[in-house]
Amino acid sequence: MMLDLAAVALLGLAGYGIVFYLAHQYGLRMGWKPPDETPAMKRISRRAFGFALGGLAVLLCAGFAVTFIGNWPGRVLAVAQAVLLASAGASDLHRFQLPLPVTMAGIILAVVSWQVVGMPVIFVLFGVFWAAVIIAAHVLLSKGSMQLGDHLATVWIALAMPVNGMLAVLIGDTANVVYARARRLQGQKLAAAGAWLVAAAALMAVPPYFLWTSRLPDAAPASSRPAIPAATASARDMEIAQARNVLIQLSELAAEDTARVALAEDRAERIAAAKTAGASVARLASAAQSLASGSAIAEGLVDLARALEAYDVDAVRDASLRLGQEREKLLTRNASEWVNIK
């Protein structure tokens, strides 16, 4: 675990340093000059401040990637996107410029990541929807202070992280307000998108927010459990039922990924499709492990991901069968019975 964290962190920081430097050189070559109404910070101070915040975001992403993503392709994709987001955010905080090449590279990487991890279309549509709402709100409320680059950054964040992206924008806007009030910068120009992008980089590898409150409580023998009020027990049953439903959905998504492998026309295409499906199922397994570590569904997803990546047809068939059986068990049990499943 620690070796993985060190490797991912070093990889991310090295990439961040390189992309930050290239973004800075791009700004110099373009002859970009910050606006006159800049915050009361020296240029060198702004550069150090932006660089430090971006580096911290990349480190946070590396920690989350090792914790929540169980395969190296997924970790590399998440950290690579975080590097681009953090570099663009640091550039905006430093020079009030979002380097177009970095932004376009981030958008392309987001689309590629959809294919690798098998991003559900509903998530993508959700991201596009909230991005459109936020852009419209900024256009109406900012009185023209929001530039095209800010709107492009919103689209980028939505494509890179369709679910948690709105949280990144909210966190960034909150940070901007706190910073402006602390330094008494009301009426002066702030690098709004810079804060959004840095926050997005930090959250890049975090599971979707709807999973945060669905962690399955550790089971304990009935005789050792203290008596709890009926209302609390009911709330706990609802939480358990919600976690069960999420696991069922994860197993169903894995079944869809596996089924698509059979649609390939020849062996070479099936092997490639199996590897892609394996990476997608591994990401689902990581979410299941964070939700209910050691559960039959979580372990079954891990086994299925490994079988797909190895293109072991018999192992894929066995793992799929076990997952189907476990899914049927969850569907036939009520919440109070499921609490002991680990």
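Because the structure is a prediction, the values reported are computed rather than measured.

Thoughts on the overall build of the protein chain
Summing up its helical and strand segments, the protein chain has 13 helices and zero strands in all. Secondary structure of the protein chain in N-to-C order comes out as α-α-α-α-α-α-α-α-α-α-α-α-α. Per-residue burial over the protein chain gives 46% buried out of 342 residues. Put simply, of all contacts in the protein chain between residues at least 6 apart along the chain, 80% involve residues at least 24 apart. Accessible surface, the protein chain: about 17,300 Å² in total, of which carbon and sulfur atoms supply 66%.

A short note on the pattern of salt bridges
Applying the stated rule across the entire model yields five salt bridges. The residue Asp 4 makes a salt bridge to Arg 75 at a minimum N-O spacing of 3.3 Å. Note that Asp 4 is positioned in helix 1 (residues 2-29) and Arg 75 in helix 3 (residues 72-95), a separation of 71 residues in sequence. On the basis of relative accessible area, Arg 75 is assigned to the buried category, the value being 8%. Asp 314 is paired through a salt bridge with Arg 317; the nearest N and O atoms lie 3.0 Å apart. Pair noted here: Asp 314 and Arg 317 are both in helix 12 (residues 313-332), with a separation of three residues, about one helical turn.

Topic: unusual backbone geometry
Backbone geometry places Tyr 311, a non-glycine residue, at a positive phi of 50 degrees. The residue Tyr 311 is located in the loop between helix 11 (296-310) and helix 12 in this model.

A short note on the nonpolar core
Membership of the largest hydrophobic core comes to 57 residues, with the highest contact counts inside it found for Leu 85, Trp 156, Ile 157, Leu 197 and Met 204. Looking at this core, the elements that each hand over two or more residues are helix 1, helix 2 (43-68), helix 3, helix 4 (100-117), helix 5 (121-141), helix 6 (148-160), helix 7 (165-182) and helix 8 (192-203). The dominant element in this core, judged by the number of residues it contributes, is helix 3, at 11 residues. Apart from residues no more than four positions distant in its own chain, Trp 156 is found in contact with Gln 81, Leu 84, Leu 85, Ala 88, Val 102, Thr 103, Gly 106, Ile 107 and Leu 197. Counting 31 residues, the second-largest nonpolar core is a separate cluster that includes Ile 248, Val 281, Val 316 and Leu 323.

Here's the deal with the packing of helix 5 against helix 6
Orientation of helix 5 relative to helix 6, taken along the N-to-C sense of each, is 160 degrees, at an axis distance of 9 Å. Taken together, helix 5 and helix 6 sit at an angle that is classed as roughly antiparallel. Two packed elements cross with a definite hand, and for helix 5 against helix 6 that hand is right-handed. Residue-level inspection shows Gly 127, Val 128, Trp 130, Ala 131, Ile 134, Ile 135, His 138 and Val 139 of helix 5 in contact with helix 6, the latter providing His 151, Thr 154, Val 155, Ile 157, Ala 158 and Leu 159. A per-class count over the contact of helix 5 with helix 6 returns 10 nonpolar, four polar and no charged.

Comments concerning the side chain of Asp 92
Within the secondary structure layout, Asp 92 lies in helix 3. In this structure the side chain of Asp 92 is engaged in a polar contact, spanning 2.8 Å, whose partner is the backbone nitrogen of Gly 194.

A short note on a nonpolar patch on the surface
Where nonpolar side chains cluster on the molecular surface, the patch consists of Phe 49, Leu 53, Leu 56 and Leu 60 and spans about 320 Å² of accessible area. Structurally, Leu 56 can be placed in helix 2. Its relative accessible area of 48% is what places Leu 56 among the partly exposed residues.

Structural notes on the packing of aromatic side chains
A complete count under the given rule lists four aromatic pairs for this structure. Taking 6.0 Å as the distance between ring centres and 45 degrees as the angle between the ring planes, the aromatic pair formed by Tyr 16 and Phe 20 counts as tilted. Here Phe 20 and Tyr 16 lie together in helix 1, a separation of four residues that amounts to about one turn. Residue Tyr 16 shares its accessibility class with Phe 20, and that shared class is buried. Judged by centre distance (5.1 Å) and plane angle (25 degrees), the rings of Tyr 16 and Phe 51 are stacked. Of the two residues, Tyr 16 sits in helix 1 while Phe 51 sits in helix 2, which places them 35 residues apart along the sequence. Among the residues examined, Tyr 16 registers a relative accessible area of 1% and is labelled buried. On the accessibility criterion, Phe 51 (38% relative accessible area) is partly exposed. Pairwise contacts between aromatic rings join Tyr 16, Phe 20 and Phe 51 into one cluster. Looking at Arg 75, its charged tip hangs above the ring of Trp 72, at a distance of 5.2 Å from the centre.

What counts, and where the lines are drawn
- Counting from 1, residues in each chain are numbered in the order their sequence is written.
- Local features are withheld for residues below a pLDDT of 70 in this predicted model, meaning they are given only at 70 or higher, and side-chain atom pairs are given and counted only at 80 or more; totals for whole chains, interfaces and linings count all residues.
- Hydrogens and water molecules were not included; the side-chain quantities draw on all heavy atoms of the structure.
- Under the DSSP-based scheme used, a helix requires at least four consecutive residues in state H or I and a strand at least two consecutive residues in state E, with every element numbered from the N terminus.
- Classification of residues uses two cut-offs on accessible area relative to the type maximum, computed with a 1.4 Å probe and protein chains only: under 20% is buried, over 50% is exposed, and between them is partly exposed.
- Residues are treated as being in contact if the distance between any of their heavy atoms lies within 4.5 Å.
- Note that accessible areas follow from Shrake-Rupley with a 1.4 Å probe, and for residues the cover is restricted to the protein chains shown.
- When a carboxyl oxygen of Asp or Glu lies within 4 Å of a side-chain nitrogen of Lys or Arg, that pair is called a salt bridge.
- Only buried Ala, Val, Leu, Ile, Met, Phe, Trp, Tyr and Cys residues count toward a nonpolar core, and they belong to the same one when joined by side-chain atoms within 4.5 Å.
- Each axis is a line fitted through C-alpha atoms, and for a helix only the stretch in contact is used; angles between axes span 0 to 180 degrees, taken between their N-to-C directions.
- Angle categories: roughly parallel below 35 degrees, roughly antiparallel above 145, roughly perpendicular from 65 to 115, and oblique for all the rest.
- Left-handed describes a crossing whose near helix is turned anticlockwise from the far helix by less than a right angle; the clockwise case is right-handed.
- Three categories are distinguished: nonpolar for Ala, Val, Leu, Ile, Met, Phe, Trp, Tyr, Cys and Pro, charged for Asp, Glu, Lys and Arg, and polar for the others, with Gly belonging to the last.
- Two N or O atoms count as a polar contact when they lie within 3.5 Å, although within protein this holds only if one can serve as hydrogen donor and the other as acceptor, and sequence-adjacent residues are included solely when both atoms are side-chain atoms.
- Patch membership requires over 30% relative accessible area and the absence of a salt bridge. Like charges are linked within 9 Å, and nonpolar side chains (Val, Leu, Ile, Met, Phe, Trp, Tyr) within 5 Å.
- Stacked, tilted and edge-to-face pairs are distinguished by plane angle, under 30 degrees for stacked and over 60 for edge-to-face with tilted covering the rest, among Phe, Tyr and Trp rings (Trp via its six-membered ring) whose centres lie within 6.5 Å.
- Sitting over a ring, as applied to charges here, requires NZ of Lys or CZ of Arg to be within 6 Å of the ring centre and within 35 degrees of the ring normal.

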